[in-house]
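Inside the fold
Chain residues, written in single-letter form:
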Amino acid sequence: MNTVDPYYSRVVCLAGGVGGARLADGLARVLPPHNLTVIVNTGDDFRHLGLTICPDLDTVMYTVGDVANDETGWGRAGESWRTMSEVGRLGGPDWFSLGDLDLATHLARAHGLDAGQTLTAVTGRLCAGFGIGPAVLPMSDLPAPTLIETDTGEVLPFQVWFVRERWQPAVRRVILPEDVRATAEVVRALETADLVLIAPSNPFVSIEPILNVYPIRAMIEDVPRAVVAVSPIIAGRAVKGPAAKMMAEMGLEPAAAAVAGYYGHLIDGFVYDAQDAGMIAEDGLALLCTDTLMSGAAGRERLAREVLAFAAELME
Ligand code: GDP
Ligand code: CA
């Protein structure tokens, strides 16, 4: 038997915020650091209080760096809020919560960007500060803001819809920018990838913005020996956030099978939850049915190992 050892494969993981961060953390616990690259959505990024905020990059950094607040799914553990409450008292905006420790990230990032460094370079430096081994790369160094068109026809910047409006306005469509290019670092990672994993992130506002960056989708169609996605939908519901609600609003059944259908021919394998056992997929799509809820570090590590073992069979 000639089994591929997934621990010697070059793995690229596409990630949004909390679901992506959890799988990335599991992978970081089991793969040699130089074999893992995490490509992160920056469609949520925005300017606020004069700072560039990168919510998904920060969630991935904090989670893999072991300083995340696991209850909220964003921000840092042991956070304090003195600066933010004073900003509010002084009449500044306080609808987007930025803790004191979190603000340090945004200030350090602003300093690097102001000095002319790329977001990729700045993120690399921040990751070093959090003791992160694997490469964590923004999908692009260019701004690529995601917009949400609601059912009233109003077009909202992503964070206004997500945070200020608490993702309540129904979504008619997600508007992604044209002509955004991937960085050389992203292209290099994909060129040498054996395996691409699509994390259990929101398919529409976390994964699609990454695939929309040229030439990421085309490279994923061509290069790796296997592409495997993990379902963010368990028993018809999102673990966190609007994925299931958005699916219903956009005319899809909120179900794991619909996520697999959405990725279509891009993926060779699909990992879905034991609560959805018996899911029927298109011909040619390999399935792994397991517990996909990543509770705690042990749960993340377990799922990462299972996903890698499943992918190894597909890479043979
Ligand atoms: P965020 O919305 O920016 O935080 O980013 P994501 O798109 O990565 O995260 C939201 C998605 O992660 C939701 O659809 C959740 O269902 C999914 N998710 C979060 N935690 C888990 C988990 O432990 N297992 C699975 N399968 N999905 C998860
Ligand atoms: Ca996000």
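Data block above holds the structure.
To keep things clear, this report deals only with the structure shown in the data block. Everything numeric here is computed off the predicted structure, so don't read it as measured data. (Residues numbered from 1 in each chain as written. Chains lettered and ligands numbered in written order. Predicted model: local features only at pLDDT ≥ 70, side-chain atom pairs only at ≥ 80, totals over all residues. Heavy atoms only, no water.)

Taken in spatial order, the 7 strands line up as β5-β2-β1-β9-β10-β13-β14 in an open sheet, and their pairing is parallel. Two strands close off the open sheet at either side, each with one partner strand: β5 (135–138) and β14 (286–290). In this sheet, neighbouring strand axes are inclined to one another by 20° on average, regardless of whether the strands run parallel or antiparallel. Pairing of strand β2 (residues 36–40) with β5 involves 4 bridges; the strand directions are parallel. (Pairing = 2+ DSSP bridges. Helix = DSSP H or I, 4+ residues; strand = E, 2+ residues; numbered from the N terminus. Axes fitted to C-alpha atoms, helices over the stretch in contact; angles between N-to-C directions.)

Before going further, it helps to spend a moment on the site of ligand 1. Within the structure, ligand 1 sits among 21 residues, and Ser201, Asn202, Ser206, Pro232 and Val239 are positioned closest to it. Within the backbone of Pro200, one N or O atom sits 2.9 Å away from an oxygen atom of ligand 1. Between ligand 1 and Ser206, the relevant distance is 2.8 Å, taken from an oxygen atom to a side-chain nitrogen or oxygen of the residue. The fraction of the free accessible surface of ligand 1 (590 Å²) that becomes covered by protein chains is 94%. Across the shell around ligand 1, the residue classes break down as 9 nonpolar, 9 polar and 3 charged. (Near = heavy atom within 4 Å. Polar contact = N/O pair within 3.5 Å; in protein donor to acceptor, adjacent residues only side chain to side chain. Areas by Shrake-Rupley, 256 points an atom, 1.4 Å probe, with all protein chains shown as cover. Nonpolar A, V, L, I, M, F, W, Y, C, P; charged D, E, K, R; others polar.)

Let's shift gears to helix α8 (residues 203–211). The buried fraction of α8 amounts to 9 of the 9 residues, a majority that puts the element mostly inside the structure. Those residues of α8 lying buried are Pro203, Phe204, Val205, Ser206, Ile207, Glu208, Pro209, Ile210 and Leu211. Between the side-chain oxygen of the N-cap and the backbone nitrogen of Phe204 there are 2.9 Å, and the N-cap of α8 in question is Asn202. (Buried < 20%, exposed > 50% of the residue type's maximum accessible area, 1.4 Å probe, protein only.)

A word on unusual backbone geometry. Between Tyr214 and Pro215 the backbone carries a cis peptide bond, its omega angle lying at -5°. If you trace the backbone, Pro215 turns up in the loop between α8 and α9 (216–222). Unlike most non-glycine residues, Trp167 shows phi in positive territory, near 40°. Judged by its relative accessible area of 25%, Trp167 is partly exposed. Of note, the phi angle at Ala235 is positive, near 50°, even though the residue is not glycine.

At the metal site, the calcium ion (ligand 2) is ligated by Asp44 (OD), Asp56 (OD) and Asp56 (OD), and these contacts range over 2.1 to 2.8 Å. Of this pair, Asp44 sits in the loop between β2 and β3 (46–48) while Asp56 sits in helix α2 (residues 55–64), and the two are 12 residues apart along the sequence. Pair check on accessibility: Asp44 and Asp56 agree, each one buried. (Donors = N, O, S within 2.8 Å, 3.2 Å for Na, K, Ca; no water.)

Under the criterion given, the structure shown has 16 salt bridges. The residue Asp58 makes a salt bridge to Arg109 at a minimum N-O spacing of 2.5 Å. Here Arg109 lies in helix α4 (residues 100–114) and Asp58 lies in helix α2, a separation of 51 residues in the sequence. The same class applies to Asp58 as to Arg109, namely buried. Across the salt bridge formed by Arg173 and Glu149, the nearest N and O atoms sit 2.8 Å from each other. Of this pair, Arg173 sits in strand β8 (residues 171–175) while Glu149 sits in strand β6 (residues 147–150); the two residues are 24 residues apart in sequence, bridging distant segments of the chain. Under the relative-accessibility criterion, Glu149 is labelled buried at 10%. Shared partners join several salt bridges into a network, and the residues in it are Asp25, Arg29, Asp66, Asp70 and Arg300. (Salt bridge = Lys/Arg side-chain N within 4 Å of Asp/Glu carboxyl O.)

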